[in-house]
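Observations on the three-dimensional arrangement
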Amino acid sequence: QVQLLESGGGLVQAGGSLRLSCAASGRTFTTYAMGWFRQAPGKERECVASISRIGSSAAYADFVKGRFTISRDNAKNTVRLQMSGLKPEDTAVYHCAAADSSRIPIETSYVHYWGQGTQVTVSS
């Protein structure tokens, strides 16, 4: 069993930055590829960024490439998402996800655990 707890969301002006963190419980953190998904009102949940089990590779959705960076610290059971150049269309609830998969980007069907999410709001 893995529990995921996100933090770091908030309100920011367009062009600003935020850093999201996800703390994972349990001893099997390195078993999972980790990712960040987001869901805006009326839209489907979409994968923003994924990182492999040991952090050697990462994948990004085209709409965040060059602006967002995902990282993980397996010693501390944490995964982070550094977001810069934020746009109003980045407004959404951001969820941390743990997937039982060796491949990235993570597909929703492989996600075993979800965090409850943290709200990110970007004002214009």
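1. Side note on the overall build of the protein chain
- The helix and strand inventory of the protein chain stands at 0 helices and 11 strands.
- Ordering the α and β elements of the protein chain from the N terminus gives β-β-β-β-β-β-β-β-β-β-β.
- Against the compact-globule benchmark of 14 Å for 124 residues, the protein chain has a radius of gyration of 13 Å, which places it among compact chains.
- Once the C-alpha set of the protein chain is aligned to its principal axes, its extents read approximately 40 × 25 × 25 Å.
- Of the contacts formed within the protein chain by residues at least 6 apart in sequence, a portion of 58% connects residues at least 24 apart.
- Working note: accessible area of the protein chain is about 6,500 Å², and carbon and sulfur atoms make up 46% of it.

2. Some remarks on the packing of aromatic side chains
- Throughout the structure, instances matching the rule amount to 2 aromatic pairs.
- For the pair Y32 and Y113, a centre-to-centre distance of 5.8 Å together with 85° between the ring planes defines the contact as edge-to-face. Taken as a pair, Y32 in the loop between β3 (18-24) and β4 (33-39) and Y113 in strand β10 (residues 111-114) lie far apart in primary sequence, 81 residues in all.
- Judged by its relative accessible area of 17%, Y113 is buried.
- On the basis of an interplanar angle of 75° and a centroid distance of 4.9 Å, the ring pair of F37 and W114 is categorised as edge-to-face. Pair noted here: F37 is in strand β4 and W114 is in strand β10, with a separation of 77 residues, a long-range link.

3. Some remarks on the state of the cysteines
- This model, assessed by the stated rule, comprises 1 disulfide.
- The residue that forms a disulfide with C22 is C96, at a sulfur-sulfur distance of 2.2 Å. The S-S bond linking C22 to C96 shows a torsion near -85°; that makes this disulfide left-handed. Residue C22 is found in strand β3, and its partner C96 is found in strand β9 (residues 92-99); the two are separated by 74 residues along the sequence.
- Residue C47 stays outside any disulfide, its sulfur separated by 11 Å from that of C96, the closest cysteine.

Basis of the calculations
- Residues numbered from 1 in each chain as written.
- Predicted model: local features only at pLDDT ≥ 70, side-chain atom pairs only at ≥ 80, totals over all residues.
- Heavy atoms only, no water.
- Helix = DSSP H or I, 4+ residues; strand = E, 2+ residues; numbered from the N terminus.
- Rg over C-alpha atoms; globule rule 2.2 N^0.38 Å.
- Contact = heavy atoms within 4.5 Å.
- Areas by Shrake-Rupley, 256 points an atom, 1.4 Å probe, with all protein chains shown as cover.
- Phe/Tyr/Trp six-rings, centres within 6.5 Å; stacked < 30°, edge-to-face > 60°.
- Buried < 20%, exposed > 50% of the residue type's maximum accessible area, 1.4 Å probe, protein only.
- Disulfide = S-S within 2.5 Å.

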